Amino acid sequence: MANEERPILLLNGPNLNTLGLRQPEIYGTATLADVVALVERTAADLGYGVRALQTNHEGEMIDAIHAARGQISGIVVNPAGWTHTSVALADALVVPEVPVIEVHISNVAAREPFRHHSYVSPIASAVIAGCGIRGYEYAVRQMVTLVS
């Protein structure tokens, strides 16, 4: 099956639709559109397509993950606030049975103590944090290494 037929699923959680506006001193000035464009360019250069979703609704993200089973190569996810709170999201991420790479724009380990725990990290093949939006590029490159 061609790589384009099994795209990388790019998931961005709550409040990431406000990238470029919300706390630019932490998250930078790039927008979510910039993130998606970077991921799409990187994936295309490596022969993969991308299916992108940003949502502020946990159930919508979980439904999208369930629906992706058998259709994707891997998942690049920035769970945002759900990183620290959602067992349900972590449980859903194993359903497609593909590699998962967790991405955070900021270095969550250097921030508030509640951000130090991730429910997603234990099921992730890799965790990339503190690299700004470049972390998404690194995640796509690592994903292709894992699935090729």
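Residues numbered from 1 in each chain as written. Predicted model: local features only at pLDDT ≥ 70, side-chain atom pairs only at ≥ 80, totals over all residues. Heavy atoms only, no water.

## Points about the pattern of salt bridges
Here is step 1: One pass over the full model with this rule turns up three salt bridges.
Here is step 2: Of the charged contacts in the structure, one is a salt bridge between E137 and R134, with a shortest N-O distance of 2.6 Å. A residue pair is termed a helical-turn pair when its members lie 3 or 4 positions apart in one helix, as E137 and R134 do in helix 5 (residues 134-147) at three residues.
Here is step 3: The exposure class assigned to R134 is partly exposed, which follows from its relative accessible area of 42%.
Here is step 4: Taking the shortest distance from any N to any O, the salt bridge between R141 and E137 comes out at 3.2 Å. (Salt bridge = Lys/Arg side-chain N within 4 Å of Asp/Glu carboxyl O. Helix = DSSP H or I, 4+ residues; strand = E, 2+ residues; numbered from the N terminus. Buried < 20%, exposed > 50% of the residue type's maximum accessible area, 1.4 Å probe, protein only.)

## Considering the packing of helix 2 (residues 32-45) against helix 5
Here is step 1: The interhelical angle for the contact between helix 2 and helix 5, taken along N-to-C directions, is 30°, at an axis separation of 9 Å. Relative to helix 5, the element helix 2 is oriented roughly parallel. The way helix 2 lies across helix 5 gives a crossing that is right-handed. Facing V35, L38, V39, T42 and A43 of helix 2, the residues of helix 5 in contact are R134, Y136, E137, V140 and R141.
Here is step 2: For the contact of helix 2 with helix 5, the residue count by class is six nonpolar, one polar and three charged. (Axes fitted to C-alpha atoms, helices over the stretch in contact; angles between N-to-C directions. Parallel < 35°, antiparallel > 145°, perpendicular 65-115°, else oblique. Left-handed = near helix turned anticlockwise from the far one by under 90°. Contact = heavy atoms within 4.5 Å. Nonpolar A, V, L, I, M, F, W, Y, C, P; charged D, E, K, R; others polar.)

## Some remarks on the sheet that holds strand 1 (residues 8-12)
Pairing between the strands of a sheet comes from backbone hydrogen bonds, and it takes one of two forms, parallel or antiparallel.
Here is step 1: The strand order across the open sheet built from five strands is 2-1-3-4-5, with neighbouring strands paired in parallel fashion. Looking at strand neighbours, the two that pair on one side only are strand 2 (50-54) and strand 5 (126-129), the edges of this open sheet. Across this sheet, the average inter-strand angle for adjacent strands is 15°, counted without regard to direction.
Here is step 2: Note that strand 3 (residues 74-78) and strand 4 (residues 100-104) share three bridges and pair parallel. Looking at the pairing, I75 lines up with V100 of strand 4.
Here is step 3: Seen against the sheet, helix 2 touches strand 1 and strand 2 and runs at an angle of roughly 165° to strand 2. (Pairing = 2+ DSSP bridges.)

## Some remarks on helix 2
Here is step 1: Across its 14 residues, helix 2 extends 20 Å between first and last C-alpha, which sits within 8% of the 20 Å expected from 1.5 Å per residue.
Here is step 2: Buried within helix 2 we find L32, V35, V36, L38, V39, T42 and A43. For helix 2, the buried positions fall inside an angular range of 160° around the axis, keeping them on one side. Projecting away from the buried face of helix 2 at angles above 90 degrees are the exposed residues A33, R41, A44 and D45. (Expected span 1.5 Å × (residues − 1). Arc of directions from axis to C-beta.)

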